[in-house]
Number of protein chains: 2
Amino acid sequence: MNLYPLSLQRLVRELSKLPSIGEKSAMRLAYYLVNDKKDVARSVAESLLAASESIGLCSECFFFCETGSLRDKQGFSLEHNTLCPICIAPGREKTVFCIVEKPVDVVAIEKTGEFNGLYHVLHGLWSPLKGVGTDEIKLDELMKRVNENGVKEVILGLNATIEGDATCLYICDLLREKSVNVTRLAQGMPKGGELEYSDEVTITRAFHGRVQL
Amino acid sequence: MNLYPLSLQRLVRELSKLPSIGEKSAMRLAYYLVNDKKDVARSVAESLLAASESIGLCSECFFFCETGSLRDKQGFSLEHNTLCPICIAPGREKTVFCIVEKPVDVVAIEKTGEFNGLYHVLHGLWSPLKGVGTDEIKLDELMKRVNENGVKEVILGLNATIEGDATCLYICDLLREKSVNVTRLAQGMPKGGELEYSDEVTITRAFHGRVQL
């Protein structure tokens, strides 16, 4: 016999579906929310509903963008709504693309201020082992954009993992016939990294990518 | 400039208010929820709203109980709704109380099947260092119940921490004049515990509580 009220059991079940939240954390969260923080519970619920209704993907680069009701009130037209702030921004080089896996990667790169082109978010990496095929990530959309926009350089900003490597090779193959310069972010020692504690692959890649001083 | 849509920023802000969820985890959760799991986002939101509306505390022992609409549909009267399943259960000894800090502790003890009395949930422990006074936990309510129900034994099922110790001593003092037998859960080596890895306090308490074989 489960002693908790039905609605609490349901809440725990729903919260445990979230990534990195197990049953114990879900119980702790639920306890926090229903015990004396009912206002927090309500505002979390409302922000979840608002976000799930109004957040969409940019029709060009697939970064997040606001769609529908929220923007309408601020006077943006529906046409604009489907583009993200980076794609609308004036002064960005429209012939250089940086390809990333996830929307957060866009923000990470934007923070450096090093890149002034446009992005393309794949929403995944090619990973046969995890059952993610090349048709499940935004590759057709990438080829369409490359063809239509006269893209000159494609920078592969993908993770230095096996899936990242495989996806880079696949995209490289796709772009081979186009007159596009394809580069990938350098791999090597991270800032502050010590040789003593670095793994073999990192050191090997740092050797291969060594730079003339 | 924050590149994320406003509703996503709000969602991240709300999620970071939850215990043990920092800004990075909140971002990861929000990404998961708005990216392709909008149905999960909606069901989490709905279960949060339902729980915050329908979960209350038992008017006797302050364990969770279902209140309001959810129970009404099942035909329970409002009077019943304010009591938890343990307080309504027939056959429980109404003169033995086990005092615990949190509702989850009730469930932990119920799982053992060792206790057949009623509970009293304090919703906190006396902790001057954390600014929790004795009037902020359900002690007045405990004294009222003890006086009205002819309670014979009070078992202190509080954590073996400094706050738990302090609260035990305080309750012991309160009950000194009543003809109530006050006991506390034994402290010592946990099941599977090894002396080599046990701390001094645990070993000391295990010594003091040693049992005749």
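Provided above is the structure to which this section pertains.
Residues numbered from 1 in each chain as written. Chains lettered and ligands numbered in written order. Predicted model: local features only at pLDDT ≥ 70, side-chain atom pairs only at ≥ 80, totals over all residues. Heavy atoms only, no water.

**Student:** How would you sum up unusual backbone geometry? Please name residues and give values.
**Tutor:** In most cases, non-glycine residues show a negative phi, while peptide bonds are predominantly trans. With a phi angle near 55°, His123 of chain A is a residue other than glycine that sits in the positive phi range. Tracing the backbone through its elements, the reader meets His123 of chain A in the loop between strand 4 (118-121) and helix 8 (139-149). Phi is positive for Ser20 of chain B, which is not a glycine, with a value near 65°. Residue position: Ser20 of chain B is located in the loop between helix 1 (6-16) and helix 2 (23-35). Look at Ser20 of chain B and you get exposed, because its relative accessible area is 63%. (Helix = DSSP H or I, 4+ residues; strand = E, 2+ residues; numbered from the N terminus. Buried < 20%, exposed > 50% of the residue type's maximum accessible area, 1.4 Å probe, protein only.)

**Student:** Give me the lowdown on the relation of the copies chain B and chain A, citing residues and values where you can.
**Tutor:** Between the two copies, chain B and chain A, the superposition gives an RMSD of 0.0 Å; the rotation angle is 180° and the shift along the axis is 0.0 Å. Both copies of the chain, as the preceding transformation shows, are related through a two-fold rotation axis. Residue Ala45 of chain B, judged by its C-alpha, is the member of chain B lying nearest the rotation axis, at 2.1 Å. A share of 100% of interface residues in chain B that are also interface residues in chain A marks the association as one of identical surfaces. (Least-squares fit on C-alpha atoms with pLDDT ≥ 70 in both. Contact = heavy atoms within 4.5 Å.)

**Student:** Provide a residue-level description of the interface of chain B and chain A, including the pertinent values.
**Tutor:** Frequently, the measure chosen for interface size is the accessible area removed from exposure when the parts meet. Taken together, the contact pairs 55 residues of chain B with 55 residues of chain A. Note on chain B versus chain A: buried area summed over both sides is about 5,100 Å², and carbon and sulfur give 73% of it. Among the residues chain B hides against chain A, the three largest losses belong to Leu3, Leu48 and Phe64 of chain B. Together they make up 13% of the total. Counting every contact that joins chain B to chain A gives zero salt bridges. There are 12 residue pairs in polar contact (both at pLDDT 80 or more) connecting chain B and chain A. Every element with two or more residues in the side of chain B that touches chain A is listed here: helix 1, helix 2, helix 3 (38-54), strand 1 (55-57), strand 2 (64-66), helix 6 (85-88) and helix 7 (103-112) of chain B. Among the elements that make up the side of chain B that touches chain A, the one with the highest residue count is helix 3 of chain B (15 residues). Grouping the amino acids of the side of chain B that touches chain A by side-chain chemistry returns 36 nonpolar, nine polar and 10 charged. (Buried area = accessible area lost by both parts, 1.4 Å probe. Salt bridge = Lys/Arg side-chain N within 4 Å of Asp/Glu carboxyl O. Polar contact = N/O pair within 3.5 Å; in protein donor to acceptor, adjacent residues only side chain to side chain. Nonpolar A, V, L, I, M, F, W, Y, C, P; charged D, E, K, R; others polar.)

**Student:** Explain the environment of Glu153 of chain A to me, and be specific about the residues and the numbers.
**Tutor:** All names here are of chain A. Inspection of the secondary structure puts Glu153 in strand 5 (residues 153-156). In this structure the C-alpha to C-alpha distance between Glu153 and Val180, which are 27 residues apart in sequence, comes to 5.4 Å. Excluding its chain neighbours within four sequence positions, the residues that come into contact with Glu153 are Thr95, Val96, Phe97, Val180, Asn181 and Thr183. Engagement of the side chain of Glu153 in a polar contact is seen with the side chain of Thr183, the distance being 3.2 Å.

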